[in-house]
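The chain contents come next:
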Amino acid sequence: MVRPGPNLNMIIGANGTGKSSIVCAICLSLAGKTTVLGRDDKVGGYVKTGCDKGFVEIELFKSGGNVIINREIHVENNQSVWKLNGRICNQKTVEEEVKALHIQVNNLCQFLPQEKVGQFAKMSKIELLEATEKSVGSPEMFEYHCELKNSRSKDREMENVIKEKTSYLEKTKQRFERHKLDENRYYEKQRHLNAIELIEKKIPWVEYETTREELEGVKKERDKAKKQLAVLKQAHMPMLTKLQSIEEHLKPSEEQMKAKSAAIKEASSKCKLKRDQLDRMHKDIEDIKQAFKMKQTEEEDQTKRIKNIILMIEDLKVVLAEVDKQPDVTPRITEVNAELRQIQTEREKVQKQKADLRQEKDNLSAELRMLEKKLTDMNNVMTMKEEKLRGRHRDTHTAVEWLRQHRDLFSGNVCEPLMLVINMKDHRFAKYLENHISFNDLRAFVFQRKEDMDKFLFEVRDKMSLRINVIIAPTETWSRAPPSRHIESLRRFGFFTYLRETFDAPEEVMSYLCQQYKVHEIPIGNEQTEAMIATVIKEPYIKVLYTKDQKYTVKKSFYSNITSTKNTTVYPSKYLSITVDAEQKRQLEQQMNVCRSKLRDIDERLNIIQNEATALDRRDNELLSEKKNLLESKGKKRQLEQKISTKQDRLKQLEHSGIDLKKAEAETKKKIIAVNSKKKSVVTTLIEQIKLQAKLTMEKEYLALEMMGLLAEKTKLENLCREGTSGLKAMTHQCSQLEESAAQLKIQCKENMERAKSICKMQPNETLPRNLHDAFSKLPNTLDELDAMLNEERSRAESFPGLTKKVVEECNKQAQEIKQLEQELTEKNAALIAFRQKMSEAKEYWLTPLKQLVQQINKKFSDFFRALECTGEVDLHYDNEDEYDKYGISILVKFHESSQLHELTQFHQSGGERSVATMLYLMALQELIRCPFRVVDEINQGMDSINERKVFDILVHTACKERTSQYFFITPKLLQNLTYVEEMTILCVNNSSHMLCSNEWDESAFLQRCQQKKKVQA
């Protein structure tokens, strides 16, 4: 039971005595989430190990009656039973009651547990402002802020709607202007269409009048043509009678002319036939003479060939005599054949060796490709690891790429981040190692030498501004450090291996993990271990252990010797589950090197065998060439004898096949005489036919002269008759045409009248209405003018394409839409102005008190820092006064005279400096805070003694004033000779197995013994 005082409560106790248990109890009893505490994600994990349930009770001051909250926690199902003032209720009721008392256990400005001290510096400006508003602002301040943030979004939405409406209105007006022009053009087009309709109505009437006038003219011309035709017929009769007489005399003469022409043609044909016979006979004589000349030439050629053959036979006999004198080459041919067979045997042997080596080379190449593929697959796994690192922490991945390009800058070993170089032997164990090692170390580079680490930090962190972690490996190796107990001695508890045995890593990495994380001392168990956990945690040599899904941390109090156990859930692995078997990879690389070495040996042996084969081929070609020459020498005599025999046979054949030229000459003369005899008979017949043809030609000429006189007279009469006849025919044709024209025009007049009345929608017997008559009078009276006017109106009407009555309807519709849009815009602009006025009022209610509040905090914070001989400021940060979601609180601090003000972040300041700044900011809120109490757990652990003393004085001075909220400050130790005041309450936590119960404690006796001890020492 803890009974705190109304002001500052100093809760002091050694580590492990249960100070933080008080903080956990306060949080859990006020319905706080387990994530606020950061110790265990399950509420059952806060119950003492070995117990099935536990409870916590808290009493809160409230005017009108205190509030008592009781929470009973059940481990089995992680459920809680709540009681409010003795009555069972649900968690929501408790949360509402806590909220009504302005208690916010999830606000780091009010409730800062030990595990969340570092989170304060990580808070963004915006988060810090919201936490401050909730802690020290009026109840309406945070609500106004939330309302302004939501209103700003709504303001943008309304403004965007107005812009969209305005833009749409402008576009609609532009479309309306275009449609208005189309409407005017539509009416203009209608005027032209009405004019076209009127012109089209008048044209049939003008056509009718034109046709009727043309009909009257045609009738007059027809009557005049009939009178002229009768006069011409009377004058033409005498010339026709004389022309008929001449034609009767010409008919017999024409028949005689035809007979003479046929006889002349027949005689001419016979003459041509005889001339052709004479030409053929001349050609026969030439052929006979040419045949004789060819026989003479053939005889001369044959004589020359006989002489040439005789000379060739003599030359061959001379060569044959020389060949008979050469020695026999048969023995040498036998020797060459034997050597060739030996070379062939050796070549087959070499080819077999070459084929065997090539088969072996192909097998090794295939094996090497398979090994390379396996190695590539393993390297792809490493690529997946790198992608995960880049997604989780891009700066570290960038530093890895830089290291690979500049590894030659370092003299010692430099290991890439642990998550890349650690290789799990079995991916199932990855979750244990990943839960055991912090992520900051997983992404850290490991250096063998400090100078390499300094060089790397200068290049990567200082120059490239990359956020990275580095580790210096231990000077003495720990990688082979043996565990304190052999794993066989732990198998009875279900342990089967140590954490170090589940992975491979470089020497430096393994050494660091063994020294820092004691991976060689962390056993891994199974379900049996989980079942025996109560026994296992009693073993004195086991500090940390893993079961299937849990991590157990065993701590023993230095003061009470009591063992406390903390268990957390082992989460699945995110990074180390991607594994590569390093031993298998090393074996693959060795196998690849062996294959490459064997391939190089085979290539050398193939080159040697190839040289041997080349030498054999060269010797084989030499022997074959020699054999060819020997065979040619041996067969040359036989060839010469055969050639001489063949030439002698040919000579005999030529001598017996000669030609008798005298006999041939006599036969040629005889043939020429026979042809000349036939030629004489043909010439006689030809002369007779030529004479007959000349006689018939003369008779035909006399007859032609006689006919020419008659034809001349006939031609004269025909010309005279033709002139008269053409005039008669023309007049007759003219009369016919005029008659037809009159009939057609009459019909056309009737059709034009009917069409004109039909177009004007008149009855057959109806006369032209007065209104049409007046309209027609304003138009031209000729068809050409009307056609020109009609074409002009049509062209003007066609210059307005696609215009229909819908244009007018669309124009009217858009005018109505524009009117409606203008009305909507007016209403929305008025609504936006009213809304902004309301926002302006809310801003005034929020921003002015907020600025005053920040000024007060800044004054307190600056005073506190000035007391530390440092500089600190608190500023309300914003870029745009209307961007309410971007407002934040910026904490600026300077701890050294030589440095400048820097924003409080997790990167610029050390851990102790962050603790001082956090503590002083919380103290600046102390007098302003409206919550009943505040809790700060072990925030002074990173401070130096000077700052800790000064901060403690500020804490005492601030938290012990009147009208301040209750304050809980938890610490395991305090400096000596600190300032204490009566308003403070000191709560000492000393739980152990050897301590007295609280009801047996005698405070006065303890103080007396202390005073006596001091007197003795003095």
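Each remark here, short or long, concerns the structure printed above.
In this convention, every chain numbers its residues from 1, walking through the sequence in written order. Reporting of local features is limited, given that this is a predicted model, to residues whose pLDDT is at least 70; pairs of side-chain atoms are given and counted only at 80 or more, and all residues count toward the totals for whole chains, interfaces and linings. With hydrogens and water set aside, each side-chain value is computed from the structure's full complement of heavy atoms.

A. Representation of the overall build of the chain in the model. Each helix and strand counted, the chain has 24 helices and 22 strands in total. With the C-alpha coordinates aligned to their principal axes, the bounding extent of the chain is approximately 195 × 145 × 60 Å. Taking all 1018 residues of the chain together, 37% fall into the buried category. By definition, residues are in contact when any of their heavy atoms lie within 4.5 Å. Sequence-distant contacts in the chain: of pairs separated by 6 or more residues, those separated by 24 or more amount to 75%. To be clear on the numbers: accessible area is Shrake-Rupley with a 1.4 Å probe, and residue cover counts the displayed protein chains and nothing else. Per element, the accessible surface of the chain, about 62700 Å² overall, is 50% carbon and sulfur. Separation of charge centres in the chain, based on 170 positive and 158 negative side chains, amounts to 4 Å. Helix and strand assignments follow DSSP, with helices taken as H or I runs no shorter than four residues and strands as E runs no shorter than two, numbered in order from the N terminus. The rule is simple: take the accessible area with a 1.4 Å probe, protein chains only, and divide by the maximum for that residue type; under 20% is buried, over 50% is exposed, in between is partly exposed. By the counting scheme adopted, Arg and Lys are positive, Glu and Asp are negative, and His together with the chain ends is not counted. Charged side chains are reduced to one point each, which is NZ for Lys, CZ for Arg, CG for Asp and CD for Glu.

B. Structural detail: the packing of aromatic side chains. Ring pairs are drawn from Phe, Tyr and Trp, using the six-membered ring of Trp, whenever the two centres fall within 6.5 Å, and their geometry is named by plane angle: stacked under 30 degrees, edge-to-face over 60, tilted for the rest. Across all of its chains, the model carries 18 aromatic pairs by this definition. Taking the centre distance of 6.3 Å and the plane angle of 70 degrees together, the rings of Trp 402 and Phe 410 count as edge-to-face. The structure contains a cluster of three or more aromatic residues connected by ring pairs, namely Trp 402, Phe 410, Phe 445, Phe 447 and Phe 456. Here the guanidinium or amino end of Arg 392 rests over the ring plane of Phe 439, the centre of that ring lying 4.1 Å away. Any Lys NZ or Arg CZ that is within 6 Å of a ring centre and within 35 degrees of that ring's normal is treated as a charge sitting over the ring. In this arrangement the basic side chain of Arg 428 is found over the ring face of Phe 429, its NZ or CZ atom lying 5.9 Å from the centre.

C. Summary view of the sheet that holds strand E9 (residues 444-447). Pairing is mixed in the open sheet, where 3 strands are placed in the order E7-E9-E10. Across the chains shown, the open sheet's two edge strands, defined by having one partner strand only, are strand E7 (414-415) and strand E10 (469-472). Strand pairing is defined by DSSP finding a minimum of two bridges between the two strands. Looking at chain direction, E7 and E9 are connected through 2 bridges and run antiparallel. The partner of Cys 415 across the bridge, within E9, is Val 446. An axis is simply a line fitted to the C-alpha atoms; with a helix, the fit covers only the stretch in contact. Between two such axes, the angle follows the N-to-C directions and lies from 0 to 180 degrees. Strands E9 and E10 of the sheet are contacted by helix H13 (residues 450-463), whose axis makes an angle of about 170 degrees with E10.

D. Focus on the pattern of salt bridges. By definition here, a salt bridge exists when the distance from a side-chain nitrogen of Lys or Arg to a carboxyl oxygen of Asp or Glu is within 4 Å. As enumerated under the stated definition, the model contains 38 salt bridges in all. Of the charged contacts, one joins Glu 822 and Lys 173 as a salt bridge, the two residues approaching to 3.3 Å between their closest N and O atoms. Pair noted here: Glu 822 is in helix H21 (residues 805-867) and Lys 173 is in helix H6 (residues 139-235), with a separation of 649 residues, a long-range link. For Glu 822, a relative accessible area of 35% translates into the label partly exposed. What makes Lys 173 partly exposed here is its relative accessible area of 31%.

E. Layout of helix H1 (residues 19-29). Where burial is concerned, most of H1 is hidden: 9 out of the 11 residues are buried. Taken residue by residue, H1 has Lys 19, Ser 20, Ile 22, Val 23, Cys 24, Ile 26, Cys 27, Leu 28 and Ser 29 as its buried positions. Two residues or fewer after H1 comes Ala 31, characterised by a positive phi angle close to 65 degrees.

F. Quick peek at the nonpolar core. Counting 67 residues, the largest nonpolar core has Leu 8, Phe 861, Met 919, Leu 920, Tyr 921 and Tyr 967 as its most contacted members. Top contributing element to this core by residue count: H21, with 17 residues. If sequence neighbours within four positions are ignored, Phe 861 has contacts with Gly 872, Glu 873, Val 874, Ile 891, Leu 892, Val 893, Ala 917, Leu 920, Tyr 921 and Ala 924. For this analysis, a nonpolar core means a set of buried residues of the types Ala, Val, Leu, Ile, Met, Phe, Trp, Tyr and Cys, connected via side-chain atoms within 4.5 Å. Core analysis: the next-biggest nonpolar cluster, separate from the first, contains 48 residues, Phe 439, Leu 466, Ile 471 and Ile 522 among them.

G. Here's a closer look at the state of the cysteines. Whenever a pair of cysteine sulfur atoms sits within 2.5 Å, that pair is classed as a disulfide. For the structure on display, the rule yields 0 disulfides. Take Cys 960: it sits in no disulfide, and the sulfur closest to it among the cysteines is that of Cys 988, at 16 Å.

H. Focus on the pairing of E9. Alternating residues of E9 divide into Ala 444 and Val 446 and Phe 445 and Phe 447, and every residue in both groups is buried. One ladder, built from 4 bridges, connects E9 with E10; its direction is parallel. Bridging from a neighbouring strand, Phe 445 pairs with Val 470 of E10. The β-α-β motif built from E9, the intervening H13 and the parallel element E10 has right-handed crossover chirality. Convention used here: a crossover is right-handed provided that the path from the first strand, over the helix, to the second strand proceeds clockwise when the strands point away from the viewer.

I. Summary view of the sheet that holds strand E17 (residues 871-877). Ordered in space as E17-E18-E19, the 3 strands form an open sheet in which the pairing is antiparallel. With one partner strand each, in any of the chains shown, E17 and strand E19 (902-903) form the two edges of the open sheet. Helix-sheet contacts for helix H5 (residues 125-136) involve E17, strand E18 (888-894) and E19, and the interaxial angle to E18 is about 105 degrees.

J. Geometry of the pairing of strand E4 (residues 79-84). The pairing of strand E3 (residues 67-74) with E4 spans 6 bridges and is antiparallel. Bridge assignment links Arg 71 to a residue of E4, and that residue is Trp 82. Counting the residues between successive antiparallel strands, the hairpin from E3 to E4 contains 4 residues, one of them, Asn 78, with a positive phi of roughly 55 degrees. As paired strands, E4 and strand E5 (residues 87-89) are joined by 3 bridges and run antiparallel to one another. When the sheet's bridge partners are listed, Lys 83 is paired in E5 with Ile 88. Taken together, E4 and the strand that follows it, E5, pair antiparallel across an intervening segment of 2 residues, in which Asn 85 is found at a positive phi of about 55 degrees.

K. Focus on a nonpolar patch on the surface. Without a salt bridge and with relative accessible area above 30%, a residue can belong to a patch; like charges are then joined within 9 Å and nonpolar side chains (Val, Leu, Ile, Met, Phe, Trp, Tyr) within 5 Å. Together, Met 698, Tyr 702, Leu 705 and Met 708 make up a nonpolar patch on the protein surface, roughly 490 Å² of accessible area in all. The topology assignment puts Tyr 702 in helix H18 (residues 661-759).

L. Quick peek at unusual backbone geometry. Of note, Asn 85 is a non-glycine position whose phi angle comes to about 55 degrees, a positive value. With respect to the helices and strands, the residue Asn 85 is situated in the loop between E4 and E5. What makes Asn 85 partly exposed here is its relative accessible area of 38%.

M. Representation of the environment of Phe 865 in the model. When you line up the elements, Phe 865 lands in helix H21. Classification of Phe 865 by relative accessible area gives buried; the value is 0%. The spatial distance from the C-alpha of Phe 865 to the C-alpha of Val 951 is 9.4 Å, given a sequence separation of 86 residues. Leaving out residues up to four positions away in the same chain, Phe 865 has contacts with Cys 870, Thr 871, Gly 872, Val 893, Phe 895, Ala 917 and Leu 920.

N. Here's a closer look at the packing of helix H9 (residues 394-405) against H13. Where H9 contacts H13, the axes come no closer than 11 Å and their chain directions differ by 125 degrees. Classified by the interaxial angle, the pair formed by H9 and H13 is oblique. Seen along the crossing, H9 lies across H13 with a hand that is right-handed. Contact residues: Ala 399, Trp 402 and Leu 403 in H9; Phe 456, Glu 459 and Val 460 in H13. An angle below 35 degrees is treated as roughly parallel, one above 145 as roughly antiparallel, one from 65 to 115 as roughly perpendicular, and anything else as oblique. Each crossing is labelled by how the near helix is turned from the far one, with a counterclockwise turn of less than a right angle marking it left-handed and a clockwise turn marking it right-handed.

O. Focus on the side chain of Lys 431. If you trace the backbone, Lys 431 turns up in helix H11 (residues 430-436). Setting aside chain neighbours within four positions, we find Lys 431 in contact with Lys 548, Asp 549, Val 570, Tyr 571, Pro 572 and Ser 573.

P. The arrangement of H13 in detail. Expected span, for any helix, means 1.5 Å times one less than how many residues it has. Over its 14 residues, H13 extends 19 Å from the first C-alpha to the last, a length consistent with the 20 Å expected when each residue adds 1.5 Å. Across the chain, bend at a residue is computed as the angle between axes fitted to the seven residues ending at that point and the seven starting from it. A bend of about 30 degrees at Leu 457 is the largest found in H13. Along H13, the residues classified as buried are Asp 452, Met 453, Phe 456, Leu 457 and Val 460. Packing partners of the buried residues in H13 comprise H9, E9 and E10.

Q. Spatial organisation of the side chain of Thr 211. Looking at where Thr 211 falls in the secondary structure, it is placed in helix H6. Residue Thr 211 is classed as buried on the basis of its relative accessible area of 5%. If near-sequence neighbours (up to four positions away) are discounted, Thr 211 is found in contact with Leu 745, Gln 748, Cys 749 and Asn 752.

R. Structural detail: the environment of Arg 449. Looking at the element boundaries, Arg 449 is found in the loop between E9 and H13. For Arg 449, a relative accessible area of 36% translates into the label partly exposed.

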